[in-house]
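Structural overview for review
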Amino acid sequence: MTVAGRLAEIADLGRDAERSGYSRHLFDASDPPLRAWFGSSAEALGLLVEEDDDANLWAWWMPQPGAVRHDAIATGSHLDSVPGGGAFDGPLGVASAFEAVAQLRADGFVPVRPIVVCAFAEEEGSRFGLPCLGTRLLTGAADAASALARADAAGVTLEQAWRDSGRDPERVGPDPERLGRLAAFVELHVEQGRDLEDRGLPVSTASAIIPHGRWRLTITGEGNHAGTTTMDLRADPVVAFAGAVQAVREVAASRMPGARGTIGKAQIIPGGTNVIASRVIAWMDLRAFTDDDVREQYALTLQRMRAAVQAEGCTLDVHEESFSARVDFDDELTARVTAALQPEFGQVPAIPTGAGHDAGILSAVLPTAMIFVRNPTGVSHAPGEDARDGDCEAGARALAATLRMLAGSA
Ligand code: HGY
Ligand code: MN
Ligand code: MN
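Below or above, wherever it landed, is the structure these notes cover. Note that the structure is predicted; figures quoted are calculated from it, not measured. (Residues numbered from 1 in each chain as written. Chains lettered and ligands numbered in written order. Predicted model: local features only at pLDDT ≥ 70, side-chain atom pairs only at ≥ 80, totals over all residues. Heavy atoms only, no water.)

1. Focus: the overall build of the protein
To keep things clear, this is the line we draw: Working definition: helices are DSSP H or I runs of at least four residues, strands are E runs of at least two. Numbering for both runs from the N terminus. Buried, partly exposed and exposed residues are distinguished by accessible area as a fraction of the type maximum, computed with a 1.4 Å probe on protein chains only: under 20%, between the cut-offs, and over 50%, respectively. For the charge count, each Lys or Arg is scored as positive and each Asp or Glu as negative, with His and the chain ends excluded. Here the site of a charge means atom NZ of a Lys, CZ of an Arg, CG of an Asp or CD of a Glu.
For the protein, the count of helices and strands is 13 helices and 15 strands. Along the longest, intermediate and shortest principal axes, the C-alpha atoms of the protein span 80 × 45 × 35 Å. Within the protein, the proportion of its 410 residues that are buried is 55%. The average position of the 36 basic charges and that of the 57 acidic charges among the side chains of the protein differ by 1 Å.

2. So, the coordination of the manganese ion (ligand 2)
This is how the line gets drawn: Coordination here is defined by N, O and S atoms within 2.8 Å of the metal (3.2 Å for Na, K and Ca), and since water is not considered, a site can look incomplete.
Protein ligation of the manganese ion (ligand 2) involves D89 (OD), E124 (OE) and H381 (NE2), the donor distances falling in the range 2.1 to 2.2 Å. All donors to the manganese ion (ligand 2) come from one chain, and their sequence spacing reads D-x34-E-x256-H. Separation of the manganese ion (ligand 2) from the manganese ion (ligand 3) amounts to 3.5 Å, with D89 serving as a shared donor to the pair. Separated by 35 residues along the polypeptide, D89 in the loop between β3 (72–78) and α3 (91–106) and E124 in the loop between β4 (115–120) and α4 (133–139) bring together distant segments of the chain. Under the relative-accessibility criterion, D89 is labelled buried at 5%.

3. Details of the packing of aromatic side chains
Going by this rule: A pair of Phe, Tyr and Trp rings is counted when the ring centres sit within 6.5 Å of each other, with Trp represented by its six-membered ring. The angle between the planes then sorts it: under 30 degrees is stacked, over 60 is edge-to-face, the rest tilted. A positively charged side chain is recorded as over a ring if its NZ (Lys) or CZ (Arg) lies within 6 Å of the ring centre. The angle to the ring normal must also be within 35 degrees.
The tally for this structure, following the rule as stated, stands at eight aromatic pairs. Ring centres of W215 and Y298 lie 4.6 Å apart, and the angle between their planes is 25°; on these two criteria the pair is classed as stacked. Of this pair, W215 sits in strand β7 (residues 212–220) while Y298 sits in helix α10 (residues 291–311), and the two are 83 residues apart along the sequence. Judged by its relative accessible area of 2%, W215 falls in the buried class. Here the aromatic cluster, defined as three or more aromatic residues joined through ring pairs, consists of W58, W60, F120 and F185. Looking at K265, its charged tip hangs above the ring of W283, at a distance of 4.3 Å from the centre. Residue placement shows R295 over the ring face of F323; its charged tip is 3.9 Å from the ring centre.

4. As for the environment of A102
Stated formally: Only heavy atoms enter the contact rule, under which two residues are in contact if any of them lie within 4.5 Å.
Its location among the elements puts A102 in helix α3. For the pair formed by A102 and G86, sequence separation is 16 residues and the distance between their alpha carbons is 25 Å. What A102 contacts, discounting residues up to four positions off in sequence, is R6 and L45.

5. Overview of the coordination of the manganese ion (ligand 3)
Every protein donor of the manganese ion (ligand 3) is listed here as H78 (NE2), D89 (OD) and H189 (NE2), and their distances to the metal cover 2.1 to 2.2 Å. Look at where the donors of the manganese ion (ligand 3) fall in the sequence and you get H-x10-D-x99-H.

By themselves, these observations are geometric and do not establish any function.
Below is the structure:
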């Protein structure tokens, strides 16, 4: 089998005909077959599959089945996507983990420490707005009750979706016993940028994840008739929204080089061609190199946004949906991963990323590192995301070398 072959097994799951690319969200129609794929891939490798109370998947390779251990090496990623996302963001890490285990087993390798392959729930936060939902619940970084109260675009709460999926929301919450079984976590991920392509290298490790926050904006104006309301009598939230979008762009573009600001999702209510809207709901994503920079970027953006909204006679309410602090990966673990990769790959840089990952959440509770695989387009969160077959196989070999090094001795 190959990584490309494993990805081909799920290539038709969660395709989005309208947006193209993939839309795979927590407990939607693609979820059960993706979980079934995880289970069959694991069982074919003799791994013990389980789902935890936070809907995360685990596939264990136990040297002594039944023994309780606290030194397991975990690897994996997520299977969900953003709306209209690419084929690699998430699934590449899970498929590569299974392929790395397959290679180690084929080589007759017997781990001294347990190895566990993971697929974490709702990493993108596309349905309920909280990124890395599964790992935040698992580690206690998210409060279970407030997470369960979150609703999706249709108003379905996470609690209701949990019940509808046949799971018990009462059991959702931190799982210190499970985390206590792990010694380290290494996540392989497609690079979401062109750094490796520009360097001409197939793989790297990660140095850091830059911080990022998400806010929901509600701009309220005065709904009215498009034909009978003269221009001097309008409080149009869509016009105010245009000013808000400009504010996000201008502050991000004028701030320190690391700042990024995006509004990629918005709803115009009620949404009639001949109707002046009464409300616009939009979601803002801000990122910069430090937590303080993001907070300062937010303050400056809101200052300009409020001026634009008031100028149009509208009002603005803002709700912080999530904040993910900067993560600097474990130096010692990253150095060990680098040493495991160098015999085959020679130069293995450690590069920062602007994208969040479950490894970032888990870094609060155990040593974590990442391996990036070259993406020739550098595009991500869109159908143009890519990784060459040869680089995908190189990534699996890199992960196999890492697992051999980390799990091969006590
Ligand atoms: O939004 C992110 O950075 C990640 O892909 N969830
Ligand atoms: Mn992503
Ligand atoms: Mn991802």
